[in-house]
Amino acid sequence: MGMVSVEHVVSQLRDELGRVGVTLPSLRVDPVTAAGEVPHPLVDLGRCNVDTALRLVAVLHEARR
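What you are looking at is a predicted structure, and each value in this text was computed from that prediction instead of being measured. (Residues numbered from 1 in each chain as written. Predicted model: local features only at pLDDT ≥ 70, side-chain atom pairs only at ≥ 80, totals over all residues. Heavy atoms only, no water.)

**Regarding the overall build of the protein chain**
Then, number 1: Within the protein chain one finds 3 helices and 2 strands.
Then, number 2: Listing every helix and strand of the protein chain by position from the N terminus yields α-β-α-β-α.
Then, number 3: For a compact globule of 65 residues, the expected C-alpha radius of gyration is about 11 Å, and the protein chain comes in at 14 Å, more than 25% above that figure.
Then, number 4: With the principal axes as the frame, the protein chain shows a C-alpha extent of 40 × 20 × 15 Å.
Then, number 5: Taking all 65 residues of the protein chain together, the buried fraction comes to 17%.
Then, number 6: For the protein chain, long-range pairs separated by at least 24 residues make up 38% of all intrachain contacts whose partners lie at least 6 apart in sequence. (Helix = DSSP H or I, 4+ residues; strand = E, 2+ residues; numbered from the N terminus. Rg over C-alpha atoms; globule rule 2.2 N^0.38 Å. Buried < 20%, exposed > 50% of the residue type's maximum accessible area, 1.4 Å probe, protein only. Contact = heavy atoms within 4.5 Å.)

Here it is, written out as structure tokens:
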């Protein structure tokens, strides 16, 4: 998967999380894993505060219903 595709995935994830009221401010493509001759980029979900983590738990719990 190329960098453009990974950036698109991060954008989609940011949009979908935003639709359910979750914001991960550090969400990004991990630059270290995206570098090199044969990149294997990872999505860095970053750090979040406890309120955001609880909101994410609530959204995931509701999605299982």
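Let us keep going from here.
**Things to note about the environment of V38**
Then, number 1: Along the polypeptide, V38 turns up in the loop between α2 (31–34) and β2 (43–44).
Then, number 2: Given the relative accessible area of 61%, V38 is considered exposed.
Then, number 3: Remark: the alpha-carbon pair of V38 and V50, spanning 12 residues in sequence, is separated by 36 Å.

**A look at the side chain of D30**
Then, number 1: Note that D30 resides in the loop between β1 (28–29) and α2.
Then, number 2: Among the polar contacts made by the side chain of D30, one reaches the side chain of T33 at a distance of 3.0 Å. (Polar contact = N/O pair within 3.5 Å; in protein donor to acceptor, adjacent residues only side chain to side chain.)

**A word on helix α3 (residues 50–63)**
Then, number 1: When the terminal C-alpha atoms of α3 are compared, their 20 Å separation across 14 residues agrees well with the 20 Å that a helix rising 1.5 Å per residue should span.
Then, number 2: The distance from a side-chain oxygen at the start of α3 to the backbone nitrogen of D51 is 3.2 Å, and the residue carrying that oxygen is N49. (Expected span 1.5 Å × (residues − 1).)

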